[in-house]
Amino acid sequence: MERREKEAVRYLGFGKNAVDDRTLALIRESFEDLDREAGKKSVHRVFDMEQTAEDRIVIGPMDIKSRSLGRNLKGCEKVVLFGATLGTGVDRLITRTSLTNMAKAAVLQACAAALLEEYCDDCQEKIGEEMGKEGMYLRPRFSPGYGDFNISHQETLMRMLDCAKTIGLTMTDSFMMTPTKSVTALIGAGKLRMNCPVSGCETCGKKDCSFRR
């Protein structure tokens, strides 16, 4: 089973239970559909950052109070603002499918989440290669809404990236993103190599890490 298929199974809530052949076939079919419909786009910009306290980070116009983000960015000198989307085609596919086949629509939702994560990981690897030329190493992505990082900061983050113009990503008054299969995040960059996996804390077994979100 491919990694993204395993991720889709995790999103579907199978836990440690074995996935049946019918569901696995539906997952593979869903990924084929999504690969045809997805219009993947991403944008990133690098900013200087200042950590004025354990729970206070200043990035351009963003003055963020968050202890969990402070842990993640401890020791960083710069931060990458990042946005990515699978595009409106994926939203339309899921909406169309939900009208006739709710079971497949649920699988599509899980597969789309896994596909977005896979795309973000690929983007972060490329950003890491760029930053590595400057002797900088990346931390795991940290999105508004994680821990005590208030989701309201999403609006400023998207404005700083000009997401509407660069990747067609907008946000509602309730901080929901359109297209829905999209993500924004901060990625810390520092000279200390932490060997953090690109896929983030969920796949890392080091439970006592001080940077864990």
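See the structure printed just above.
A short tour of the structure in this document, coming up. (Residues numbered from 1 in each chain as written. Predicted model: local features only at pLDDT ≥ 70, side-chain atom pairs only at ≥ 80, totals over all residues. Heavy atoms only, no water.)

### Thoughts on the overall build of the protein chain
(1) Moving on: Within the protein chain, the regular secondary structure consists of seven helices and nine strands.
(2) Moving on: Since a compact globule built from 213 residues should have a radius of gyration of about 17 Å, the 18 Å found for the protein chain is in line with a globular shape.
(3) Moving on: Considering the protein chain as a whole, with its 213 residues, one finds that 46% of them fall into the buried category.
(4) Moving on: When contacts within the protein chain are restricted to residue pairs at least 6 apart in sequence, long-range pairs at least 24 apart make up 70% of them.
(5) Moving on: Placing the 33 positive and 31 negative side-chain charges of the protein chain at their respective mean positions leaves the two points 2 Å apart. (Helix = DSSP H or I, 4+ residues; strand = E, 2+ residues; numbered from the N terminus. Rg over C-alpha atoms; globule rule 2.2 N^0.38 Å. Buried < 20%, exposed > 50% of the residue type's maximum accessible area, 1.4 Å probe, protein only. Contact = heavy atoms within 4.5 Å. Lys, Arg positive; Asp, Glu negative; His and termini not counted. Charge placed at Lys NZ, Arg CZ, Asp CG, Glu CD.)

### Thoughts on the state of the cysteines
(1) Moving on: Summed over all chains, the structure comprises zero disulfides.
(2) Moving on: With no disulfide of its own, Cys123 lies closest to Cys120 among cysteine sulfurs, the gap being 6.2 Å.
(3) Moving on: Using a relative accessible area of 10% as the deciding quantity, one classes Cys123 as buried. (Disulfide = S-S within 2.5 Å.)

### A few points about the side chain of Asp55
(1) Moving on: Relative to the helices and strands, Asp55 resides in the loop between strand S2 (50–53) and strand S3 (56–59).
(2) Moving on: Non-local contacts of Asp55, meaning those with residues more than four positions away in its chain, are made with Ile64, Lys65, Ser66 and Arg67.

### Observations concerning helix H6 (residues 153–161)
Within an α-helix, residues lying three or four positions from one another point in the same direction, as the helix has 3.6 residues per turn.
(1) Moving on: The element H6 is extensively covered by neighbouring structure, given that seven of its nine residues are classed as buried.
(2) Moving on: His153, Gln154, Thr156, Leu157, Met158, Met160 and Leu161 are the residues of H6 that are buried.
(3) Moving on: Count one or two residues on from H6 and you reach Asp162, which has phi positive near 50 degrees.

### Describing the pairing of strand S9 (residues 182–190)
(1) Moving on: Across the nine residues that make up S9, a large majority, nine, are buried.
(2) Moving on: Burial of the side chains of S9 extends over both faces: Ser182, Thr184, Leu186, Gly188 and Gly190 are buried on one face and Val183, Ala185, Ile187 and Ala189 on the other.
(3) Moving on: Where strand S6 (residues 137–138) and S9 come together, two bridges link them in antiparallel fashion. What sits directly across from Tyr137, in S9, is Gly190. (Pairing = 2+ DSSP bridges.)

### Remarks on the sheet that holds S2
Strand pairs in the sheet, formed through backbone hydrogen bonds, run parallel or antiparallel to each other.
(1) Moving on: Sheet architecture is open: three strands sit in the order S2-S3-S4, paired in antiparallel fashion. Where the open sheet ends on each side, the last strands, each with one partner, are S2 and strand S4 (62–65). Looking at each pair of strands side by side, their axes are set apart by 20 degrees on average, direction ignored.
(2) Moving on: When S3 meets S4, the two strands line up antiparallel, connected through four bridges. Looking at S4, one finds that Arg56 is bridged to Lys65.
(3) Moving on: Contacting S3 and S4, H6 crosses the sheet at an angle of about 150 degrees to S4. (Axes fitted to C-alpha atoms, helices over the stretch in contact; angles between N-to-C directions.)

### Notes on the nonpolar core
(1) Moving on: If you look at the biggest cluster of nonpolar residues, it comprises 31 residues, and the most contacted ones within it are Ile27, Phe31, Leu34, Phe82, Cys111 and Leu138.
(2) Moving on: Mapped by element, the contributors of at least two residues to this core are helix H1 (3–11), helix H2 (21–37), strand S5 (78–85), helix H4 (88–98), helix H5 (102–132) and S9.
(3) Moving on: Here the element with the most residues in this core is H5; it accounts for 12 residues.
(4) Moving on: Dropping the residues within four chain positions of it, Leu34 is found in contact with Val90, Leu93, Leu108, Cys111, Ala112 and Leu115.
(5) Moving on: Core analysis: the next-biggest nonpolar cluster, separate from the first, contains 23 residues, Ile57, Ile64, Leu73 and Leu169 among them. (Core = buried A, V, L, I, M, F, W, Y, C linked by side-chain atoms within 4.5 Å.)

### Considering the packing of H1 against H5
(1) Moving on: At a minimum axis separation of 8 Å, H1 and H5 run at an interaxial angle of 135 degrees. In terms of orientation, H1 lies oblique with respect to H5. Crossing of H1 over H5 shows right-handed handedness. Contacts between H1 and H5 pair Arg3, Arg4, Glu7, Ala8 and Tyr11 from the former with Ala110, Cys111, Ala113, Ala114, Leu115, Glu117, Glu118 and Asp121 from the latter.
(2) Moving on: Each residue belonging to the contact of H1 with H5 can be placed in one class, and the counts come to seven nonpolar, no polar and six charged. (Parallel < 35°, antiparallel > 145°, perpendicular 65-115°, else oblique. Left-handed = near helix turned anticlockwise from the far one by under 90°. Nonpolar A, V, L, I, M, F, W, Y, C, P; charged D, E, K, R; others polar.)

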